[in-house]
Amino acid sequence: EAGVAQSPRYKIIEKRQSVAFWCNPISGHATLYWYQQILGQGPKLLIQFQNNGVVDDSQLPKDRFSAERLKGVDSTLKIQPAKLEDSAVYLCASSQSGIQGATQYFGPGTRLLVL
Amino acid sequence: GNSVTQMEGPVTLSEEAFLTINCTYTATGYPSLFWYVQYPGEGLQLLLKATKADDKGSNKGFEATYRKETTSFHLEKGSVQVSDSAVYFCALTVSYNTDKLIFGTGTRLQVFP
């Protein structure tokens, strides 16, 4: 079974530029998550989708971050414009269900450096 | 609020030593508890989990018991190997209708031969 795929693996941009990350979850997984992991910290949830609807985006900086999950499969996370503090690893995860105790499967992450 | 506190690393051990990584939590309701591991150059992987009090999660020789009375979920292994060197994250979920993971800051384990 293929795991969660993410691209690109690395990205370097200058502040105020825009960037987009792509995620393909495990086939059949209804729930998709984007986490931000700043160096030295644990991952923090940015947004959670159930199929193509948003379940939780309470910690997404909506003035610069946006995400979509068209057709309930792939997802794209965008940052526009980027700030220095956005430098982090962006992790995508998926699970079969969005209920407590369900196992989340993580992709390899996209490492973003904003200069 | 809901949070997880882990012991700071790095934890440095010799091969075959006993490992304990402490994890305590604060949560409203009845959380599920997890340990995730991140090997060098790889993504996060679920190591083990426990969904109710007194449950013991186990995998690959690692164990952790959900202790409600002490709000703890300490990770243990009787004999570590060099291949166990990684960053270990304790995490929880609290709500029935969302499984948002709340992570600790991670503990780096270094095992030397």
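These numbers were taken from a predicted model, which means no experiment stands behind them. (Residues numbered from 1 in each chain as written. Chains lettered and ligands numbered in written order. Predicted model: local features only at pLDDT ≥ 70, side-chain atom pairs only at ≥ 80, totals over all residues. Heavy atoms only, no water.)

## Examining the overall build of chain A
Logical step 1: Along the backbone of chain A there are zero helices and eleven strands.
Logical step 2: If you list the helices and strands of chain A from N to C, you get β-β-β-β-β-β-β-β-β-β-β.
Logical step 3: Over its C-alpha atoms chain A spans a radius of gyration of 13 Å, differing by no more than 12% from the 13 Å that the globule rule assigns to 115 residues.
Logical step 4: Taken over the C-alpha atoms alone, chain A extends approximately 35 × 25 × 25 Å along its principal axes. (Helix = DSSP H or I, 4+ residues; strand = E, 2+ residues; numbered from the N terminus. Rg over C-alpha atoms; globule rule 2.2 N^0.38 Å.)

## Focus on the interface of chain B and chain A
Logical step 1: Contacts between chain B and chain A engage 25 residues on the former and 26 residues on the latter.
Logical step 2: Across the chain B to chain A interface the summed buried area is about 1,800 Å²; carbon plus sulfur atoms make up 47%.
Logical step 3: For the chain B face of the interface with chain A, the top three residues by lost area are B:Leu44, B:Asp99 and B:Lys100, together amounting to 32%.
Logical step 4: Joining chain B to chain A, the criterion identifies one salt bridge. (Contact = heavy atoms within 4.5 Å. Buried area = accessible area lost by both parts, 1.4 Å probe. Salt bridge = Lys/Arg side-chain N within 4 Å of Asp/Glu carboxyl O.)

## With respect to the side chain of B:Asp84
Residues and elements named next belong to chain B.
Logical step 1: Position of Asp84 relative to the elements: it lies in the loop between β9 (75–77) and β10 (86–93).
Logical step 2: Side chain to side chain, Asp84 and Lys77 meet in a polar contact 2.8 Å long.
Logical step 3: If near-sequence neighbours (up to four positions away) are discounted, Asp84 is found in contact with Phe62, Lys77 and Leu109. (Polar contact = N/O pair within 3.5 Å; in protein donor to acceptor, adjacent residues only side chain to side chain.)

## Things to note about the pairing of strand β6 (residues 44–50) of chain B
All names here are of chain B.
Logical step 1: For strand β5 (residues 32–38) and β6, the ladder comprises six bridges, and the chain directions are antiparallel. The partner of Gln38 across the bridge, within β6, is Leu44.
Logical step 2: The hairpin formed by β5 and β6 contains five residues between the paired strands, and Gly41 there has a positive phi angle of roughly 75°. (Pairing = 2+ DSSP bridges.)

## Looking at the layout of surface pockets
Rolling a probe over the atoms, with the probe sized like a water molecule, indicates the empty space that remains.
Logical step 1: Put simply, the largest pocket is a space of about 790 Å³.
Logical step 2: Taken together, 34 residues make up the lining of the largest pocket; nearest its centre are A:Gln37, A:Leu39, A:Arg111, B:Gln38 and B:Arg108.
Logical step 3: Of all the secondary-structure elements, those providing two or more residues to the lining of the largest pocket are β9 (88–95) and β11 (110–114) of chain A together with β10 and β12 (107–112) of chain B.
Logical step 4: With four residues, β12(B) is the largest single contributor of residues to the lining of the largest pocket.
Logical step 5: Grouping the amino acids of the lining of the largest pocket by side-chain chemistry returns 15 nonpolar, 14 polar and five charged. (1 Å grid on protein atoms, 1.4 Å probe; cavity = no way out; pocket = protein on both sides within 12 Å on 5 of 7 lines; lining within 4 Å. Points joined across faces, edges and corners; volume = space filled by probe spheres on them. Nonpolar A, V, L, I, M, F, W, Y, C, P; charged D, E, K, R; others polar.)

## Some remarks on the pattern of salt bridges
Logical step 1: Counted under the stated rule, the structure contains six salt bridges over all chains.
Logical step 2: Here A:Lys62 makes a salt bridge to A:Asp57, at a shortest N to O gap of 3.8 Å.
Logical step 3: A relative accessible area of 26% places A:Asp57 in the partly exposed class.
Logical step 4: Residues B:Asp84 and B:Lys77 are paired through a salt bridge, measuring 2.8 Å at the closest nitrogen-oxygen approach. For the pair B:Asp84 and B:Lys77, one class covers both residues: buried. (Buried < 20%, exposed > 50% of the residue type's maximum accessible area, 1.4 Å probe, protein only.)

## Focus on the sheet that holds strand β7 (residues 56–59) of chain B
All names here are of chain B.
Logical step 1: Across the sheet, four strands lie side by side as β3-β9-β8-β7; this open sheet has antiparallel pairing. The open sheet terminates on both sides in strands that have one partner only, identified here as β3 (19–21) and β7. Each neighbouring strand pair of the sheet contributes to a mean axis angle of 15°, computed without reference to strand direction.
Logical step 2: In this structure, β3 lies alongside β9, joined through three bridges in antiparallel fashion. By the bridge assignment, Leu19 is partnered in β9 with Lys77. (Axes fitted to C-alpha atoms, helices over the stretch in contact; angles between N-to-C directions.)

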